[in-house]
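Architecture at a glance
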Amino acid sequence: MSDMRIAVLGAAGRMGQALTRALAETPGCTISGGIETKGSPAVGQDIGAVAGLDPLGVTITDDPLPLFAHIDGVLDFTSPASTVAFAGLAAQARIVHVIGTTGFSDDDLVKLNAAARHATIIKAGNMSMGVNLLAALTERVAATLGPEFDVEILEMHHRHKRDAPSGTSLMLGAAAAKGRDVSLAQKSVTTRDGDTGPRRDGDIGFAALRGGDVVGEHSVIFAGPGERIELAHIASDRGIFANGAVKAALWGRGKPPGLYSMADVLGL
């Protein structure tokens, strides 16, 4: 089989550059394009040079339509509005769309599900193997421990991150809720301020810290009477997310249209 032709969306961003470097190091795929927003200084530049590599002979453009017609997949860590628009193009082109973007609204998710009727969409709050294993462990521990153990999810990210809780935190919260056979929407507590009263039984709490250049740290805390269990993951290099995204794209090639997760990619 020929190499998979993959484009990077948001190619000049920190994750976009990491994705380019990961693609350049991975056998079985070819960097076939890069997209940036109109007016970006990266438009017209070589995608390799932007990522700190030798020039690759691939120019970053601001027009996705002709690009989507000649590739097999895209890697997308952009913004909710951009990702939804790109999903529509991926559906038209019937290609693989790997989504690491977070912060979607309910309406956004409806549109992504509609696009997945024609595109092979692999969406995850976190593309790292370690985090997905953490989610699997979280579900198992939540199912094993009784309701006397309170669940709290703590995260820290760099000062530029816009959404909170993070997509990874929500993924871990969903895993805990699944383990307890409850609805995360009904049990999540994302803000605490002022006199909130005693903690309600069964709540799944979230706390978000922002500062510096932290790539990503997540802890799931099960606090019970007389003991506490903590599961944690610390990311020190964005390359782990990029490598996971490339792995997901290669896995998705040839798969039927649908909405998949990293748990599907990793066989979890």
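These lines cover the structure that appears in this document, whether it is placed above or below. (Residues numbered from 1 in each chain as written. Predicted model: local features only at pLDDT ≥ 70, side-chain atom pairs only at ≥ 80, totals over all residues. Heavy atoms only, no water.)

Regarding the sheet that holds strand 6 (residues 120-123)
With parallel pairing, the 7 strands of this open sheet are ordered in space as 3-2-1-4-5-6-12. The open sheet has two edge strands with one neighbour each: strand 3 (60-61) and strand 12 (258-260). Here strand 2 (residues 29-35) runs beside strand 3; their pairing, made up of 2 bridges, is parallel. From the neighbouring strand, Ile35 faces strand 3, where its bridge partner is Thr61. In the packing of helix 5 (residues 106-115) onto the sheet, the strands contacted are strand 5 (96-99), strand 6 and strand 12, and the crossing angle to strand 6 comes to about 140°. (Pairing = 2+ DSSP bridges. Helix = DSSP H or I, 4+ residues; strand = E, 2+ residues; numbered from the N terminus. Contact = heavy atoms within 4.5 Å. Axes fitted to C-alpha atoms, helices over the stretch in contact; angles between N-to-C directions.)

A few points about the side chain of Asp46
Mapped onto the elements of the fold, Asp46 is located in the loop between strand 2 and helix 2 (47-50). Here Asp46 sits buried without a salt bridge, and the closest side chain of opposite charge, Arg21, lies 12 Å off (N-O distance). Of note is the side chain of Asp46, whose polar atom sits 3.3 Å from the backbone nitrogen of Val58. Sequence-distant contacts of Asp46, defined by excluding residues within four places in its chain, comprise Asp54, Pro55, Leu56, Gly57 and Val58. (Buried < 20%, exposed > 50% of the residue type's maximum accessible area, 1.4 Å probe, protein only. Lys, Arg positive; Asp, Glu negative; His and termini not counted. Salt bridge = Lys/Arg side-chain N within 4 Å of Asp/Glu carboxyl O. Polar contact = N/O pair within 3.5 Å; in protein donor to acceptor, adjacent residues only side chain to side chain.)

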